[in-house]
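# Observations on the model geometry
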Amino acid sequence: MLLTEIDHVAIAVKDLDAAVDYYRRAFGAEVDHRETVESDGVEEALIKVADSFIQLTAATRPDSPIARFLDRRGEGLHHVGYRVEDCAAALRSMVEAGATPIDTEPRPGSRGTTVAFVHPRGNLGVLVELVQIGP
Ligand code: CO
């Protein structure tokens, strides 16, 4: 079994501050980590739940993938982060099983992680991010 944890559930939001405020009011949640990943055009706020996170994700520019998602579909569930020991090995295994990679090689993610995205096509309709803790 290559999966060790649900690392995060990512929700695309239009207004990150408003979403954080809603989670504070609804759940008493505080932000554990906030980071802008300019290469991906996203700003994210991570709310820790046990050893996993809810990742509220907003766009930093109109041409980012999250901005296009929000234009097409509105706010909602965007992807699920699966924590793995070895991102490259898990990516290889998924591709061998029929999945379509978005990232053909693992790359740096937020929080100092190593990540690779896998397309919903061939993956039961779910955008998955493989997340390895550390480089
Ligand atoms: Co993610």
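Basis of the calculations
- Every chain is numbered on its own, with residues counted from 1 as its sequence reads.
- Where totals are concerned, whole chains, interfaces and linings use all residues; where local detail is concerned, this predicted model gives features only for residues with pLDDT of at least 70, and gives and counts side-chain atom pairs only at 80 or more.
- The basis for every side-chain value is the complete set of non-hydrogen atoms in the structure, without hydrogens or water.
- Secondary structure elements follow DSSP: runs of H or I of four or more residues count as helices, runs of E of two or more count as strands, with numbering from the N terminus.
- In this description the radius of gyration comes from C-alpha coordinates, and the expected globular size is given by 2.2 Å times residues to the power 0.38.
- Here a residue-residue contact requires only that any non-hydrogen atoms of the pair lie within 4.5 Å.
- Residue burial considers only the protein chains on display, and all accessible areas are found by Shrake-Rupley using a 1.4 Å probe.
- Counting rule for charge: Lys and Arg are taken as positive, Asp and Glu as negative, and neither His nor the chain ends is counted.
- Note on charges: their place is set at NZ of Lys, CZ of Arg, CG of Asp or CD of Glu.
- Coordination partners: N, O, S within 2.8 Å of the metal, 3.2 Å for Na, K and Ca; water not considered, so apparent gaps in a site are possible.
- Exposure is judged per residue with a 1.4 Å probe applied to protein chains only, and the accessible area is read against the type maximum: over 50% gives exposed, under 20% gives buried, and values in between give partly exposed.
- Between any two strands, at least two bridges found by DSSP are needed for them to pair.
- Salt bridges, as used here, are contacts in which a Lys or Arg side-chain nitrogen is within 4 Å of a carboxyl oxygen on Asp or Glu.

With that settled, the discussion passes to the overall build of the protein. Within the protein, the secondary structure is distributed over three helices and eight strands. In the protein, the order of α-helices and β-strands from amino to carboxyl end is β-α-β-β-β-α-β-α-β-β-β. For the protein, whose C-alpha radius of gyration is 15 Å, the value lies close to the compact-globule estimate of 14 Å for 135 residues. Its C-alpha atoms give the protein principal-axis dimensions of roughly 45 × 30 × 25 Å. At a minimum sequence separation of 6, the contacts of the protein that also span at least 24 residues come to 52%. Carbon together with sulfur atoms contributes 54% to the accessible area of the protein, which is approximately 7,400 Å² in total. Both charge centroids of the protein, one from 14 positive and one from 22 negative side chains, sit 5 Å from each other.

In the first shell of the cobalt ion, the protein supplies H8 (NE2), H79 (NE2) and E129 (OE), at 1.9 to 2.1 Å from the metal. Between consecutive donor residues of the cobalt ion, the sequence gaps follow H-x70-H-x49-E. With H8 in strand 1 (residues 3-12) and E129 in strand 8 (residues 128-132), this residue pair connects regions lying 121 residues apart in the sequence. Each member of the pair, H8 together with E129, is buried.

Attention now moves to the sheet that holds strand 6 (residues 107-108). Reading across the sheet, the eight strands line up as 2-3-4-1-5-8-7-6 and stay open at both edges, with mixed pairing between neighbours. The sheet is open, and its two edges are formed by strand 2 (33-37) and strand 6, each paired on a single side. As paired elements, strand 3 (residues 42-49) and strand 4 (residues 52-59) share eight bridges and run antiparallel to each other. Residue E43 lies in a different strand from strand 4, and its bridge partner there is A58.

For the rest of this paragraph, the subject is the pattern of salt bridges. Inspection of the entire model under this criterion finds 13 salt bridges. E38 is the partner of R61 in a salt bridge, and the nearest nitrogen-oxygen pair spans 3.2 Å. You can see R61 sitting in the loop between strand 4 and helix 2 (65-73) and its partner E38 sitting in the loop between strand 2 and strand 3, a full 23 residues away along the chain. Taking relative accessible area as the criterion, R61 reaches 28% and is therefore assigned partly exposed. A relative accessible area of 47% means that E38 is categorised as partly exposed. Between R61 and D63 there is a salt bridge, with the nearest N and O atoms lying 3.0 Å from each other. Under the relative-accessibility criterion, D63 is labelled partly exposed at 49%. When salt bridges with common partners are traced through the structure, they connect D7, K48, D51, R83 and R111 into a single cluster.

The values reported here are purely geometric and, on their own, carry no functional implication.
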